[in-house]
Amino acid sequence: MATPIVEEYLEAIYKLKAAGKALGTTELGKELKVSAASASEMTDRLVEKGLAEKVPDRGITLTRKGQKAALELIRKHRISERFLVDVLGMDWKDVHDEACRLEHAISAEVESRMEKLLGNPATCPHGHPIPDRQGRTAEEPVRRLSGLKRNQAGTIAKIAEEQRSLLEYLATLGMMPGSDVHVEQVAPFDGPLLVRVKGATYALGREIAEKIWVKER
Amino acid sequence: MALSCCSAVHELRGQADFVFALAGNPNVGKSSMFNTLTGTGAVTANYPGKTVEINVASTRLAELTIGLVDLPGTYALGAVSEDQWVARQGILDGSPDVVIAILDATNLARNLYMLLQLQDMGLPVVAALNLVDEAEKKGIQTDVGKLSALLGIPVIPTVATRGDGLETLLSAAVSAARALRGDTCSAGCEGARGSSGGVGASGIAGGGSGSGGFRLPSPARYGKDIEAVVDGLVRAIGPLQGRQLPAVSARGLALLLLENDSQFTELVGNAPGGRQLMDEVGQAAARIQAAHGEEAALRLIRERHGLAGTIADEVQVRGSGRELLSQRLWRLTTSPVTGIPILLLTLAAVFAFLFVVGNLLSGLFGSAWQAGVSPLLQWLIHAIAGNGVVAKILTWGPDAGIQAALAVGIPYVLTFYFLLAFLEDSGYLNSVAFLTDRLMHKFGLHGRAIIPLVAGAGCNVPAIIGTRVLTTMRERVIASTLIVLVPCSARTAVIVGALASLVGWQWGVAVFLLSGLLVLGAGAGLNVVMPGESSGLVMEMFPFRMPSLRTIAVKTWYRFKDFIFVAAPIVLVGSLGLGALYETGLIWKLSGPLAPVMEGWLGLPAVAGLTLIFAVLRKELALQLLVTLALVRYGPHASTLLYFMAPPQLFVYALVNTIYIPCIATIAVLGKELGWKRAAAIIAFTIALALAVGGGARFVLSAVGLG
């Protein structure tokens with residue numbers, strides 16, 4: 001059985017790959033808040049275990065085995081979140097960290113009993129789909145808005161923002177799941193993006209554009 | 001001149017027959033409309049602890065006095081941001097007879113969102129469809145009659161900058177207000193006065209339908225299941241109404257609670273019977289979430305967007321508008337290839353304008369004062385106070401003091417305000433913010449800060465007021481501190497006059513480079529030290545517009561008036577104090593205590609230290625005084641500074657003069673804009689920095705053999 005650290009890496013690689021980018025150790029380290037050196041060391045261990053591989057041009061990717069392990073973990077995470085909200089009555093905004101601990105602790109037996117108790121939910125409280133036991137998911141490939149280039153367009157899939165006021169503020173401007181966005185300009189030096197949403201143009205700082213996930217059209 | 005919002009609005013209500021609030025998105029011409037209608041008599045008010053302001057003024061329509069409350073421009077009326085909170089509170093406290101919603105015809109769907117929200121709260125709304133001229137240029141035609149029918153309210157097309165349609169708008173609002181009061185008498189009827197109320201606590205949903213034919217729109221319009229949930233809540237709210245519940249309609253309250261509005265949730269939670277209601281709201285929200293798979297709050301926002309979009313599509317036809325000059329300009333200013341050169345040119349132009357025109361005017365005013373007013377004042381003072389010490393001190397105050405205020409105020413402050421208002425209203429400031437955002441983030445600021453920072457090189461005073469374009473106090477404190485470190489034109493005069501011309505231009509350049517490095521270092525340092533982090537940028541990019549000269553003039557005048565009221569007394573008192581020190585001879589006694597710092601640490605003659613104190617009045621005064629005092633102390637040979645100060649000493653002197661405390665006008669404006677505690681901290685910081693850098697420079701220079 002994989003250790004929690006290995007599992008965290010698998011999960012991170014899976015999520016970053018879902019964004020559709022070539023993944024390097026620098027980016028991976030950034031996501032997990034560790035140095036690029038330790039991310040590189042850990043990646044080598046994953047490769048040794050046959051969970052990941054390094055492919056030219058596409059960077060770090062998961063093997064079929066790694067992908068299955070990652071999806072199993074995501075499944076446990078999302079079921080745990082559902083459990084914390086639906087059964088224990090916690091606020092959906094607070095459950096992410098708790099679920100991060102639970103996902104490494106619960107067995108397949110507990111997991112399937114929780115799922116049954118919850119009535120086989122399709123999504124986590126944040127609206128992300130829960131993969132089935134075979135690791136199949138309805139999730140479409142999405143990427144961060146900040147990764148789009150000038151004149152690329154997409155549809156907002158989700159906004160990974162925990163801060164309510166910002167989420168609502170963006171929503172009143174029409175930036176919510178389902179809205180189309182078109183990138184008109186990208187400022188130099190990794191600056192803000194000019195995006196067109198519902199007939200108006202907005203400058204969005206990087207830190208905000210990184211939280212908006214879009215399906216490319 | 002900031003009044004509390006409550007008292008300002010209540011005073012207005014006492015004087016006016018009707019009170020209307022102006023609400024709308026940012027940059028839809030709301031301020032132009034307000035200014036065109038009211039002229040220059042507006043009063044600015046704000047809520048304690050809030051920086052966003054409300055303007056209040058009155059106008060006349062036939063025999064009626066109409067009070068207008070200009071709310072901050074916002075995209076919605078939630079409690080999520082300060083401007084939205086202030087806009088909503090302004091409406092709730094002011095309880096206007098009618099809310100005039102100003103819509104941008106070029107972006108109707110987004111603008112309708114807030115109008116629908118106003119109607120949802122049960123407020124009586126009359127709409128102004130503004131910028132119809134611009135929409136036509138873009139090939140957008142709006143069926144105003146249909147829009148009016150769909151919304152169930154009067155809609156008046158307007159062009160605020162030209163004043164078109166404004167009288168019709170006011171008349172429509174007046175008849176709506178009359179209809180709501182059930183008041184059918186003709187214009188000029190006194191009965192209207194004081195029969196206050198406007199939006200009352202309850203019973204709005206039914207609405208009045210008097211002679212004006214105005215009625216509140218039929219409320220149900222969102223999805224059927226949502227309306228069913230809302231109806232259930234309205235019934236639950238019914239028995240509670242009138243009992244300490246906020247002044248919105250039952251339907252409005254139900255929607256606000258479903259939207260999880262923090263302010264209303266708390267109000268209701270604390271009201272008697274409120275807990276039970278909140279439980280029902282929770283269940284209702286859960287039903288909506290179960291049906292639509294997203295939070296009830298987001299679902300309602302989505303429904304409102306949907307309705308706004310449907311209405312806009314139904315009433316507008318979009319032709320194939322050609323690309324306008326404004327759009328092309330906009331593309332040019334945001335594209336990195338062309339935008340950065342344009343930005344540099346603009347910054348250079350702003351700087352040159354302040355530097356050249358400001359200097360010219362400053363000199364002109366100075367000599368005019370000395371030739372015309374000064375002799376008269378001196379004669380007057382001597383006639384009253386004789387020729388003693390008192391008279392001499394008095395001449396420092398009104399004469400030197402006012403001249404100083406004049407030399408800074410009108411040439412620099414007024415011209416910069418004008419430039420800033422022009423840049424703001426044209427929409428260019430947003431392009432600038434977009435391009436420089438990344439760079440400014442390193443200093444904990446965002447892109448909008450670059451204009452005031454550059455303007456600081458002309459004069460710090462208007463630059464600090466210019467930091468109002470920043471949103472948080474953290475940003476304003478950082479930006480103001482950096483501005484204070486930017487050598488203004490007066491300090492440049494000392495650098496050039498005492499250093500570059502006497503010792504060599506390289507020395508002058510070195511001072512400029514050093515202060516540039518200090519600005520960068522202080523910015524990066526403050527960003528680390530100050531609590532909080534720079535906010536993420538979400539900013540609408542407005543199309544370029546030719547600003548209306550009238551609006552800019554009014555804006556400039558208000559800001560300038562504010563400046564004069566604050567700065568003039570401080571400059572006057574400060575100069576009197578310095579005058580007393582000088583004329584009584586106390587000044588020479590100060591050179592003793594100053595000696596350890598001046599002679600021991602900075603290696604400057606003590607007399608130079610004295611001039612640094614006086615330079616607080618005006619920085620270039622340091623140089624003049626240095627020559628004057630040197631003549632008194634060392635005799636006629638001292639007319640060139642090199643007689644008693646070596647080049648490295650002059651370097652340290654110019655450096656310290658550049659960095660330490662800003663001049664008295666800057667102190668005044670720092671205190672006013674940021675509060676006196678923050679101002680004192682900034683002043684202390686600059687003194688410490690000046691001493692550290694000055695002393696450091698002295699030892700480095702002597703170490704390399706130049707001292």
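Basis of the calculations
Residues numbered from 1 in each chain as written. Chains lettered and ligands numbered in written order. Predicted model: local features only at pLDDT ≥ 70, side-chain atom pairs only at ≥ 80, totals over all residues. Helix = DSSP H or I, 4+ residues; strand = E, 2+ residues; numbered from the N terminus. Buried ≥ 20, exposed ≤ 12 C-beta atoms within 10 Å, placed from the backbone. Contact = placed C-beta atoms within 7 Å. Nonpolar A, V, L, I, M, F, W, Y, C, P; charged D, E, K, R; others polar. Pairing = 2+ DSSP bridges. Core = buried A, V, L, I, M, F, W, Y, C linked by C-beta atoms within 7 Å.

Chemist: I keep staring at the overall build of chain A and nothing clicks. Help me out?
Modeler: When its secondary structure is counted, chain A shows 8 helices and 8 strands. In chain A, which comprises 217 residues, the proportion classed as buried is 39%. A fraction of 56% describes how many contacts in chain A between residues 6 or more apart in sequence connect residues 24 or more apart.

Chemist: Looking at this structure, I do not really get unusual backbone geometry. What am I missing?
Modeler: Most peptide bonds adopt trans geometry, and most residues besides glycine take a negative phi value. All names here are of chain B. Look at asparagine 27: it is not a glycine, yet its phi comes out positive at around 60 degrees. Among the structural elements, asparagine 27 can be located in the loop between β2 (18-24) and α2 (30-38). Note on asparagine 27: 19 C-beta atoms within 10 Å, which makes it partly exposed. We note that alanine 62 has phi near 50 degrees; this positive angle belongs to a residue other than glycine. Structurally, alanine 62 is set in the loop between β4 (53-61) and β5 (64-70). Look at alanine 62 and you get exposed, because 12 C-beta atoms sit within 10 Å.

Chemist: Before we go on, may I ask you to explain the interface of chain A and chain B in this structure?
Modeler: It is common to give the size of an interface as the accessible area lost on bringing the parts into contact. Counting residues at the interface gives 27 residues for chain A and 31 residues for chain B. Elements represented by at least two residues in the side of chain A that touches chain B include exactly α7 (164-172), β7 (200-204) and α8 (206-209) of chain A. Broken down by class, the residue content of the side of chain A that touches chain B amounts to 14 nonpolar, 9 polar and 4 charged. The sheet contact formed by β7(A) and strand β11 (residues 538-541) of chain B spans 4 bridges and is antiparallel.

Chemist: What should I look at first to understand the nonpolar core in this one?
Modeler: Generally speaking, a soluble globular protein has its nonpolar side chains buried in company with each other. Membership of the largest hydrophobic core comes to 233 residues, with the highest contact counts inside it found for Leu22(B), Ile100(B), Ala101(B), Leu103(B), Ala127(B) and Ala173(B). For this core, the leading source of residues is helix α15 (residues 389-426) of chain B, giving 11 residues. Each residue touching Ala173(B), except ones within four places of it in the same chain, is listed here: Phe20(B), Val98(B), Ile100(B) and Val126(B). Ranked by size, the runner-up nonpolar core spans 20 residues in total, among them Ala12(A), Leu28(A), Met42(A) and Ala52(A).

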